[in-house]
Amino acid sequence: GHRDAKVVIIGCGIAGIAAAQKLVKAGFHHVRILEATGRSGGRIKTGRIGDKIVEIGANWIHGPCEENPVFCLARQYGLLDPEALKPENQALDVRGHLPWVPRFFSSSGRELNAEDILPAQKLFLELINESSDFQSQRGEPWPSVGDFLRAQVQQHAAEKWKDVDEATRSLRLCVISNMLKVECCVNGTHSMDEVSMGAFGLYKTLPGLDCTFPGGYEGLTQNLIEELPAGLVTYNKPVRCVNWNSAKSAEPVMIECDGQKLVADHVIVTVPLGYLKKHHSTLFHPPLPLHKLLSVQRLGFGTNNKIFVEFDSPWWDADCEVIFFVWDDEDAVVDQVPDVQTSWIKKLFGFTVLKPTERHGHLLCGWISGHESEYMETLSEQQVTDAITQLIRRFTGNPIITPRRILRSQWFHDPWTCGSYSNLGKGCSEQDLDNLMEPLPPKGSKSQPLQVLFAGEATHHCYFSTVHGAVLTGWREADRLISHYSLITPSEFPKS
Ligand code: 6YU
């Protein structure tokens, strides 16, 4: 029966682990995971700076509430702070925007007043919510979220801020440029000009105030792995080619690794969309059907990196949770720098403060997305440290601030990820997500069904780019196989 079906899962990130967990529980006996690297977790990756824990990849549980599988698993494994478990915490709905205590500094070296910033913040938040509520329609006037935001901001400034003095109006527009860069990080995109207006609203947030894992996000993947049968995961085993529709063998799929061939009845592919974009032509034989290939190309996969910066003592106030750096030459409402090599650092929107201090010390996390972030990855640690030091000294006007050390992520140059997470690029629609998750061979084909299945963050309808989205896609593809075997007659089962 289904116990004998050979299932190979490619990738030991959370989606692959979730798929394996569900299949094993349902009684599948021949499940294995092939992982390219020497570790499990993929983009869930906990690291250290000195003796402090930091997240190199996923940071928060976005929307911790009963419907969020990551929250439920983390609670079950006892991985959360008591604060995060409070019902009040789960009920708060902030639509994905965090109610943090901010500080603003300008490139002229002074701290800005919150009151001066407020109208810009309010306007931006309204417009972002409007973009999310925007229903896709034929012939929509805005090709991208960036185009929409820029046009609306400029109109608003001309009409509503016309009596405001020139310097204040200019400052507000510079603040909006800063907020655009924040939005680029959230969306994992180079520029909001690349994000589809019509599809922006497909992403759904869950209620609950985002929380972190005090002992590290990897506690989640570790706990799940420990529940799987020993030896189910094979590490350092990159898959080079998935040969599907092979009529020769009883098992229709043949998987090539370096110097090894494996056969299977079903393969669940969970490699990141970035990897798929780069390697699809060699990863699948025969190649992906055209409609699927076009969706792989159309969907966006961008870079968002973190730069952790540690200090001997804080230069920010005790209540401060996020620090924004506003460039006073950016009143053109921009989220891209004029020259990547000389001004990449302008893309860094600022820092989040790691709390509580007892746990993290004096640690900030800088955020930078896009091509500027990809360029940053190629610089030496010393070059990045120098750029960060100069930046902080300039914005605070304090010439002696010196970081103790830094640690950054380099997701674009990670050969098994090729970026950070997916977004809906210009011209994308829900159909592209459908195409991406559609199993091979496509519907209507006469060959054996469900040879190649697709899971992973980028294949979720409304929670793409998140850990809970990835979990749900792993479970979805496991369920697809489980219901397949519960529907077919015994004579159709693969023979052992
Ligand atoms: C979340 C968060 N978070 C920050 C940063 C990053 C991501 N995410 P995996 O890649 O994990 O696994 C694939 C495996 O396959 C891997 O192990 C490979 O080695 C392996 N592999 C590849 N090729 C192979 C081959 N050939 N053979 C064998 N194996 C191979 N998510 O919930 N909270 O705070 C963040 C963040 C810097 C990089 C994040 C966050 C995304 C998650 O990390 C990610 O989705 C999952 O871990 C992916 O799991 P997986 O199994 O699919 O792949 C309006 C609107 C807005 C839309 N977006 C808003 C949402 C905000 C997104 N937030 C992200 C923010 C941060 C800060």
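Residues numbered from 1 in each chain as written. Predicted model: local features only at pLDDT ≥ 70, side-chain atom pairs only at ≥ 80, totals over all residues. Heavy atoms only, no water.

(A) Just the pairing of strand 15 (residues 322-326), in detail. For strand 15, the buried fraction is high: five of the five residues fall into the buried class. Relative to strand 15, strand 5 (residues 102-106) runs parallel, the two being bridged by five bridges. Note that in strand 15 the partner of Phe105 across the bridge is Phe325. Of the pairings in the sheet, the one linking strand 15 to strand 16 (residues 350-353) comprises three bridges and is antiparallel in character. Pairing of Ile323 across the sheet is with Phe351, part of strand 16. (Buried < 20%, exposed > 50% of the residue type's maximum accessible area, 1.4 Å probe, protein only. Helix = DSSP H or I, 4+ residues; strand = E, 2+ residues; numbered from the N terminus. Pairing = 2+ DSSP bridges.)

(B) Quick look at unusual backbone geometry. Look at the link from His285 to Pro286: it is a cis peptide, with omega at -5°. Tracing the chain through its elements places Pro286 in the loop between strand 12 (284-285) and helix 10 (290-298). Of note, the bond from Leu440 into Pro441 is cis; its omega dihedral lies within 30 degrees of zero at -5°. Relative to the assigned elements, Pro441 resides in the loop between helix 15 (430-437) and strand 20 (452-454).

(C) Spotlight on the sheet that holds strand 10 (residues 260-264). Here four strands make up an open sheet; going across it, the order is 10-9-8-12 and the pairing mixed. Taken across any chain shown, the strands that pair with only one partner, and hence form the sheet edges, are strand 10 and strand 12. In terms of strand pairing, strand 8 (residues 239-243) meets strand 9 (residues 253-257) through four bridges, oriented antiparallel. Directly across from Cys241, in strand 9, lies its bridge partner Glu256. Most of the contacts of helix 9 (residues 273-283) go to strand 8, to which it runs at about 55°, and overall it touches strand 8 and strand 12. (Contact = heavy atoms within 4.5 Å. Axes fitted to C-alpha atoms, helices over the stretch in contact; angles between N-to-C directions.)

(D) Focus on the layout of surface pockets. If you add up the space inside the second largest pocket, you get close to 860 Å³. What lines the second largest pocket is a set of 29 residues, and nearest its centre among them are Trp60, Asp210, Cys211, Thr212 and Lys355. Mapped onto the lining of the second largest pocket, the elements with two or more residues apiece are strand 4 (52-55), helix 3 (82-85), strand 16, helix 12 (357-360) and strand 17 (363-369). Partitioned by chemical class, the residues of the lining of the second largest pocket number 17 nonpolar, five polar and seven charged. (1 Å grid on protein atoms, 1.4 Å probe; cavity = no way out; pocket = protein on both sides within 12 Å on 5 of 7 lines; lining within 4 Å. Points joined across faces, edges and corners; volume = space filled by probe spheres on them. Nonpolar A, V, L, I, M, F, W, Y, C, P; charged D, E, K, R; others polar.)

(E) Broad picture of empty space enclosed by the protein. Summed over all chains, the structure comprises two cavities of 30 Å³ or more. Taken as a whole, the largest cavity holds about 100 Å³ of empty space. Contributing to the lining of the largest cavity are 14 residues, with Val271, Leu273, Ala455, Ala458 and Thr459 lying nearest its centre. For the lining of the largest cavity, a count of residues per class yields nine nonpolar, three polar and two charged. By volume, the second largest cavity is sized at about 30 Å³. Together, Trp60, Ile61, His62, Val70, Tyr217, Thr466, Val467 and His468 line the second largest cavity. Of the residues in the lining of the second largest cavity, the class split is five nonpolar, three polar and no charged.

Treat this as a map of the structure, not an account of what it does.
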